[in-house]
Amino acid sequence: MAGQATLTLLLLLAVTVLPSWSVVVNSCSSAAEQLCDFVCNCSDCSDENECGYLRGSVVLGTPFTCDFEEGACGWRDVSTSAHRWVRGRASLAAWGTGPHSDHTVGTDLGWFMVTVSPPAKTTATAWLRSQVMREAAATCEIRAWYHVSGSGLNQMEQPVLRLAMVHRDEVVELWQSPRNQGQGWHQLVTYLGRVPGQFQLIFSLTQLPACEAEVALDDIIFRNCGLQEPGQPLCRGEQSHCGQGSCLAQPRFCDGTEDCGDGSDEDAARCKPFTRCSFEQGFCSWEAEVGQPAWERNTSLSLGTGGSVPTRDHSHNSRAGFFLLVGSTSTTGATGPARLSSPTFQATNSCSLVLYCHLHGSATSSLSISYVTRSTKHLMKERTGDLGSYWVRERVNFNVTESFKVLIEGVASGTGTVAIDDLILSPGCMQEQGKPSVSLPSRTGAGRCTAEEVACDSGGCISTELCCDFAQTCADGSDEQRCGATTFEAGAGGWHDVSVGRLRWGVQRDTEPAEPAAMFITGAFLALQAGEGQMVAAAKARTPLLGPSGPACTLEMSYRIRTGPQGFLAVSVADHAAGTTDLAWHTSGHGSTAEGRVSVPLGERTRPFQVELLGLMDLQDSVSAAAIDNVTFVQCHPNVVPPGAMELSCNFERGMCGWYQDQSSDFRWVHGTGKGQGPDHTTGSGYFMAVDPSAPRSRRQRAQLITYSQEPTSAPSCLSFWYRLAGPQIGTLNLKLRLEGAEDTVLWTQRGTRGSLWHRGQATLPSTGRRRYRVAFEALRDGFQGDMALDDLALTAGPCGAEPSCSFEVDECGLAGSGQRGWQRQSNSTGSASGPQADHSTGTSAGHYMVVSTGRGSLPVGQVAALTSQLYQPSATTQCLAFWYQLSARTPGSLGVFVEQSMVRRKVMSVSTMEGDAWHRGHVTIQPDGDWQVIFEATGAGGDHGYIALDDLHVSEGACPEPGSCDFEKDTCGWSSPPDPHLHGFAWGWKSGIPLAKYPSPEQDHTLGTRDGHYMHFDTSVLGPGGTTARLESQHLPAAANSCLRFWYHMDILENLSCGELRVMVQGPAGQRTVWSVPGHRSWGWRGAVVPMQSPSEFQLIFEISTHRWPMEGTVALDDIVYSTGGGCHSSPEASVEEKSSSSFTVEVVLSVLLATVVLVLVAAGGWYWLRRRGLASGSPAESNVPQGFDNITFRDDKVTISSVPKEGDEA
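All chains use their own residue numbering, which begins from 1 and follows the written sequence. In keeping with the model being predicted, local features are shown solely for residues with a pLDDT of at least 70 and side-chain atom pairs are shown and tallied solely at 80 or more, while totals for entire chains, interfaces and linings include all residues. Each side-chain value is derived from all of the structure's non-hydrogen atoms; neither hydrogens nor water enter the calculation.

## Overview of the overall build of the chain
Inclusion rule: Each helix corresponds to a stretch of at least 4 residues labelled H or I by DSSP, and each strand to a stretch of at least 2 residues labelled E; elements are numbered beginning at the N terminus. Relative accessibility thresholds used throughout: buried, under 20% of the residue-type maximum; exposed, over 50%; partly exposed, between the two (1.4 Å probe, protein chains only). Throughout, a contact is declared for two residues whenever any of their heavy atoms are within 4.5 Å.
When helices and strands are tallied, the chain shows 6 helices and 68 strands. Out of the 1212 residues in the chain, the part that is buried amounts to 53%. If you take every contact in the chain between residues at least 6 apart in sequence, the share linking residues at least 24 apart comes to 76%.

See the structure below:
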């Protein structure tokens, strides 16, 4: 009843506006009946815009598509409650509550339609209605992508997305989402069938009160929906003319589908010799065998719209039309097929049967068509598996030398159904008169196994789950003989064709001797052939349900393909329980023949799955062909452990050791040498593992690199590794422990760019007792521009030492507190103690930090809470300890920092007041003479709700620079891009001068003047819709009356694309102001700048790149930032040639240009004369490498440190 009410409301929503609602912009004044008919009648196709689709998608390159990037394409929300559809984007700040990216472009910048709803106490439905469309062809296909998410979801209450068609006075459901969908985007495919006149489409989502679901919709594509164009005077030999002049293949006439568009191919006079049974009035001359299961007449109106039953008949595309149905055997317990037989026909060589079948809801349902002579059955065609929720045409030609009957058998397995409609016999099928009827074969011996079992060839039955599980259970191994591993010499080997279009897969044998070059495809093979389906789609074949499988599982096969650029071969893996299909391998045609043997990783699958083979070629091209042969499954049993599976230490030079790629996602790690991302860590030219969130076809949320199952361990061990997080908007890298029978535990995490350099990470793997375990590196797509990489993994005995960097996102990093009410790790969203609104690492309330409450109830006046680190080992003669701290505004108490070496403790820092509620950076230079540790002591002051917080501890080699100063050789010295969970801005990168194709930048730094030196950089080409600024911020600096900022910058921006500028800003309590700026240009080397600084209160320095329009192509780099207090900028001898502050910039530029012109002329003349005297034609190589601008030694005469050039990437 609820379904009936819903369809009635759908009809009211559509019918009230069906005749007149139209907003299509029609530039050539096409007639109304030509609007939105999937045919471009205007030269610019403007009659096919805003029709529920645009004339094409720029991003996808497909016609008649709505990707929602430019608007809603005519789709309109017609909801009658607060639950409604809106056009929106992804929100990465609310990770996991909706799509993290759209489907079109795969980032947070793309648009889609999404349901929104305030909390409600009643059931509500959101309706999304298309524009009025007209005249859909029988081949019309609709594809779209949808995403279901939200709280309160479970298997029974998961919301159902529906697509319905409103035509005339009827609402017909075309498709509904299955209830077992996993995470991510899923594709829907449905076929309209021939629809004359006007119609509309409506998407609907009904939400229950307790379910806060969210459904997104994207990339709606209409394919092959336009009627044939008239006026093709010349038809090929196997074609005939339609009434309006187009051509149609002769077998398509009188086949129950109107292909011509004018009805002439199904004209009553033309089709009178054919015998058609639509089951509207009964079974005609066909006879259904009595018993269970049995063929039964029914309608969609009676059956309802749930489950796998047809939503309409084929004859009339109507819910009220009749068809024959075999219901699921799971409810009746009956076994064997339902049987439908024809009258007895005369011997013939010209009898053909066309029928329309509907197999949906089960991977093992089947339909077979045979003929029977003398009680002997001869199989002609069989369809097995789930073909989808639509009617598929089949044709069988009979050439029989004696009287026969046609026998149609259906088996509906599990929750599936099998249905048939429109049985059409050709004039050559003549009923036998005056002779005894042919008897059907007896059912004796059928059904010796139950519906949940399969029979072994040697006798006996085994559970269905034990069939095709890569282990022989039957005594003769027959349970593994028809599972897809085959040479095709004895048949299809378990592969079954599930094509619905004009191509199909079939076993074929070479009739000619194999060519000497045909090394891979010989004898019998599986090949693309002409099919009988009415749709225009790729051919598809599937294996039976396989698995589960182990991590090393691989499919190996030989292939051959010769097609045009539109043709292809592909292998996918379908997991019906999760509702996902993942592309595993793909090759396209290029006009010439390509063949070989390929290994396709299938990976670990914990649930049964099917391998799908897809192929497409042009049937009109006589030389096109595609085939596969010699299929095998290698190392697929779950218990198979390949050599080296226990080896977790790996430099990836000879493979992946004991690590494997998770194949259940389209977002994957790649083993290689990098594509412009930079060198490996091991040798500088070797292999590493990398992942790129912007890679084509990456739409899932995570990519995982996993170990094989490891033996239990009784002692902890340390896993160290080198990682790289680069790019202006890169996401999160996690290291997880997967203990058998337990939830994943995060051992280490890092988010956001760390520059194009290698950094060392480590995590302690705890003892696991008697349980096996795995370890996984997980890359999240919560950022879309950049790359991640891993190299040189090493597992050593014993726990890891003190971590050089700690963000407290996973644990306390070995820091131990004293007392029960002392320091604790928390986030603002989950913590019990008062503390900062957001952490420093992520800038969000979900980020973690260490905090101690200093209120009188927690830490009375004078009492101390200590936080002590593990022992740090001296890695250099001097080390820098840096950390971020925050004190509450009122009576926070005091924070003391102590360093202890050789049992001697000394106080190195103390703070008791702080301006504002921002994070401040503290740093201490250590000169260790042995192992040392740091102690943070918080002292209570007797206030009400005070606190002291710590975050982001980091120990590096070398002395700490002065606040605000940095040469970027060891680290970024507290300079950072602000964390942005919404991804509305971009981060500066940190790299050396080694050229990287992915990150263009200067080939030498300013400090060293070599490619081994480091600097900060930004590629302005990423500025655009995702953000128009990139900021680099200093730590908070104290008030300054006469300070100076000196820095060096490098610009390489083309003049015609220099629509932005580089600014220096001062940000304080009163806001921010620009103190220096320069427009985008080519600096032709490093240039120095000097900016006087004054601020009456605490402030931050900010370098910002901004653009006024997009694109802005080029790079900007910064190096050798020096901030000095006292003395101002006037003492610098270089000030006369440096860039000045914005207040005097314009005047000085004019004067400088005039002076520089005179000086250059004199210098050039003098230089030319001097070179002639010296006889030199050009400068020496050494001279050519000197960076332009100031002399580096003069510039840094306040602090000179001579050190060896660091190896690229060795950043702790």
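Still to come is the rest of the account.
## Let's talk about the sheet that holds strand 58 (residues 932-939)
Quick reminder of the rule: Only when DSSP finds a minimum of two bridges between them are two strands counted as paired.
Taken in spatial order, the 5 strands make up an open sheet running 50-53-58-55-56, and their pairing is antiparallel. Across the chains shown, the open sheet's two edge strands, defined by having one partner strand only, are strand 50 (816-817) and strand 56 (904-911). Sheet analysis places strand 53 (residues 864-868) next to strand 58, joined by 5 bridges and oriented antiparallel. The residue of strand 58 that forms the bridge with Val864 is Thr939.

## Let's talk about the environment of Ser875
Spelled out, the test is: Pairs of N or O atoms are called polar contacts if they sit within 3.5 Å, as long as, within protein, a hydrogen donor faces a hydrogen acceptor (for residues adjacent in sequence, only side-chain-to-side-chain pairs).
Along the chain, the position of Ser875 falls in the loop between strand 53 and strand 54 (879-887). A residue is classified by how much of its surface remains accessible, and Ser875, at 45% relative accessible area, is partly exposed. Side chain to side chain, Ser875 and Gln879 meet in a polar contact 3.3 Å long. Within the structure, Ser875 has its side chain in polar contact with the side chain of Glu957 (distance 3.5 Å).

## A closer look at the packing of aromatic side chains
Counted only if it meets this: Only Phe, Tyr and Trp rings are paired, with Trp represented by its six-membered ring, and only when their centres lie within 6.5 Å; those with planes under 30 degrees apart are stacked, over 60 edge-to-face, the remainder tilted.
On inspection of all chains with the given rule, the structure shows 37 aromatic pairs. Measuring from ring centre to ring centre gives 5.5 Å for Trp975 and Phe1103, while their planes differ by 50°; the resulting arrangement is tilted. Taken together, the residues span a long stretch of sequence, with Trp975 in the loop between strand 59 (947-957) and strand 60 (989-992) and Phe1103 in strand 67 (residues 1100-1107) at a distance of 128 residues. With respect to class, Trp975 is no different from Phe1103; both count as buried.

## Here we look at the state of the cysteines
Definition in use: Criterion for a disulfide: a pair of cysteine sulfur atoms at a distance within 2.5 Å.
Inspection of the entire model under this criterion finds 19 disulfides. Each sulfur of the disulfide joining Cys235 and Cys247 lies 1.8 Å from the other. Every disulfide takes its handedness from the sign of the S-S torsion; for Cys235 and Cys247 that torsion is -85°, giving left-handed. Pair noted here: Cys235 is in the loop between strand 13 (212-223) and strand 14 (239-241) and Cys247 is in strand 15 (residues 247-249), with a separation of 12 residues, a long-range link. Taking relative accessible area as the criterion, Cys235 reaches 24% and is therefore assigned partly exposed. According to the relative accessible area criterion, Cys247 is buried, its value standing at 7%.

## So, the sheet that holds strand 48 (residues 785-797)
Strand-to-strand pairing in sheets goes through backbone hydrogen bonds, with the strands running parallel or antiparallel. Short version of the rule: Think of each axis as a best-fit line through the C-alpha atoms, taken over the contacting stretch in the case of a helix, with angles from 0 to 180 degrees between the N-to-C directions.
Spatially, 40-41-48-43-46 is the arrangement adopted by the 5 strands of the open sheet, whose pairing is antiparallel. If you trace the sheet from one side to the other, it starts and ends with strand 40 (670-672) and strand 46 (755-765), each paired once. On average, each strand axis in the sheet is tilted by 30° relative to the strand beside it, whichever way the strands run. In terms of strand pairing, strand 43 (residues 717-729) meets strand 48 through 10 bridges, oriented antiparallel. Bridge pairing in strand 48 links Arg724 to Ala789.

## Re the pairing of strand 43
The buried fraction of strand 43 amounts to 13 of the 13 residues, a majority that puts the element mostly inside the structure. Note: strand 43 against strand 46, 8 bridges, orientation antiparallel. Across the sheet, Tyr723 pairs through a bridge with His759, a residue of strand 46.

## A closer look at a nonpolar patch on the surface
Defined as follows: Think of a patch as exposed residues, more than 30% relative accessible area, with no salt bridge, where like charges cluster within 9 Å and nonpolar side chains (Val, Leu, Ile, Met, Phe, Trp, Tyr) cluster within 5 Å. In these tables, accessible area is a Shrake-Rupley quantity obtained with a 1.4 Å probe, and a residue counts as shielded only by the protein chains included in the view. Should a side-chain nitrogen of Lys or Arg be within 4 Å of a carboxyl oxygen of Asp or Glu, the pair is scored as a salt bridge.
Judged by side-chain polarity, Val58, Val59, Leu60 and Val105 come together as a nonpolar surface patch covering roughly 330 Å² of accessible area. In this structure, Val59 sits in the loop between strand 1 (54-56) and strand 2 (63-66).

## Looking at the environment of Gly801
Mapped onto the elements of the fold, Gly801 is located in the loop between strand 48 and strand 49 (805-806). Along the chain, Gly801 and Gly814 lie 13 residues apart, while their C-alpha atoms are 8.6 Å from each other. Residues in contact with Gly801, not counting those within four places in the same chain, are Gln762 and Gln870.

## Description of the pattern of salt bridges
Close approach of charged atoms lets side chains of opposite charge pair. As enumerated under the stated definition, the model contains 38 salt bridges in all. Between Asp422 and Arg276 there is a salt bridge; the shortest N-O distance is 3.3 Å. With Asp422 in strand 26 (residues 417-425) and Arg276 in strand 16 (residues 275-277), this residue pair connects regions lying 146 residues apart in the sequence. Between Arg856 and Asp944 there is a salt bridge, with its nearest N and O atoms 2.5 Å apart. Taken together, the positions of Arg856 in the loop between strand 52 (848-853) and strand 53 and Asp944 in the loop between strand 58 and strand 59 put the pair 88 residues apart, joining distant regions of the chain. A cluster of three or more residues bridged by salt bridges with shared partners is formed by Arg1031, Glu1033, Glu1061, Arg1063 and Glu1104.

## Comments concerning the confidence of the model for the chain
Under the convention used in this document: pLDDT gives the predictor's per-residue confidence on a scale running from 0 to 100.
Per-residue confidence for the chain averages 85 on the pLDDT scale, and 86% of its residues sit at or above 70. Looking at the elements of the chain, mean pLDDT is at its lowest for helix 6 (residues 1192-1195), recorded as 26, and at its highest for strand 26, recorded as 97. Confidence drops under a pLDDT of 50 for residues 14-24, and excluding neighbours within four residues, the segment shows 30 contacts in the predicted structure. A low-confidence stretch, residues 1132-1212 (pLDDT under 50), is modelled with 89 contacts involving residues beyond four sequence positions or located in other chains.

## A word on the side chain of Glu432
Note the threshold: Two residue types count as positive, namely Lys and Arg, and two as negative, namely Asp and Glu; His and chain ends fall outside the count.
Inspection of the secondary structure puts Glu432 in the loop between strand 26 and strand 27 (453-455). Of the buried charged residues, Glu432 lacks a salt bridge, with Lys435 as the closest side chain of opposite charge at 4.4 Å. Separated by 2.5 Å, the side chains of Glu432 and Ser403 make a polar contact. If sequence neighbours within four positions are ignored, Glu432 has contacts with Thr344, Phe345, Gln346 and Ser403.

## Let's talk about unusual backbone geometry
A cis amide bond links Gln292 with the next residue in sequence, Pro293, at an omega value of -5°. In this structure, the amide linkage connecting Gly547 to the following residue, Pro548, adopts the cis form with an omega of 5°. For Asp422, which is not glycine, the phi torsion reads 50° and is therefore positive. When its relative accessible area of 0% is taken as the criterion, Asp422 is described as buried. Phi at Cys813 takes a positive value of approximately 55°, unusual for a residue other than glycine. Structurally, Cys813 can be placed in the loop between strand 49 and strand 50.

## Let's talk about the side chain of Thr580
Relative to the elements of secondary structure, Thr580 occurs in strand 35 (residues 580-588). Taking relative accessible area as the criterion, Thr580 reaches 13% and is therefore assigned buried. With residues near it in sequence (within four places) discarded, Thr580 still touches His186, Val573, Ala574, Asp575 and Arg700.

## Considerations on the pairing of strand 9 (residues 161-167)
Counting buried residues along strand 9, 6 of its 7 residues qualify, which places the element largely inside the surrounding structure. Pairing analysis gives 6 bridges linking strand 9 to strand 10 (residues 170-176), with the strands arranged antiparallel. From the neighbouring strand, Val166 faces strand 10, where its bridge partner is Val171. In this antiparallel pair of consecutive strands, strand 9 and strand 10, the connection spans 2 residues, and Arg168 shows a positive phi of 55°.

## A closer look at the environment of Glu1104
Relative to the assigned elements, Glu1104 resides in strand 67. A relative accessible area of 6% means that Glu1104 is categorised as buried. Put simply, Glu1104 and Val1064 are 40 residues apart on the chain and 6.5 Å apart in space, counted from C-alpha to C-alpha. Excluding residues within four positions of it along the chain, Glu1104 makes contact with Thr1029, Ala1030, Arg1031, Glu1061, Leu1062, Arg1063 and Met1065.

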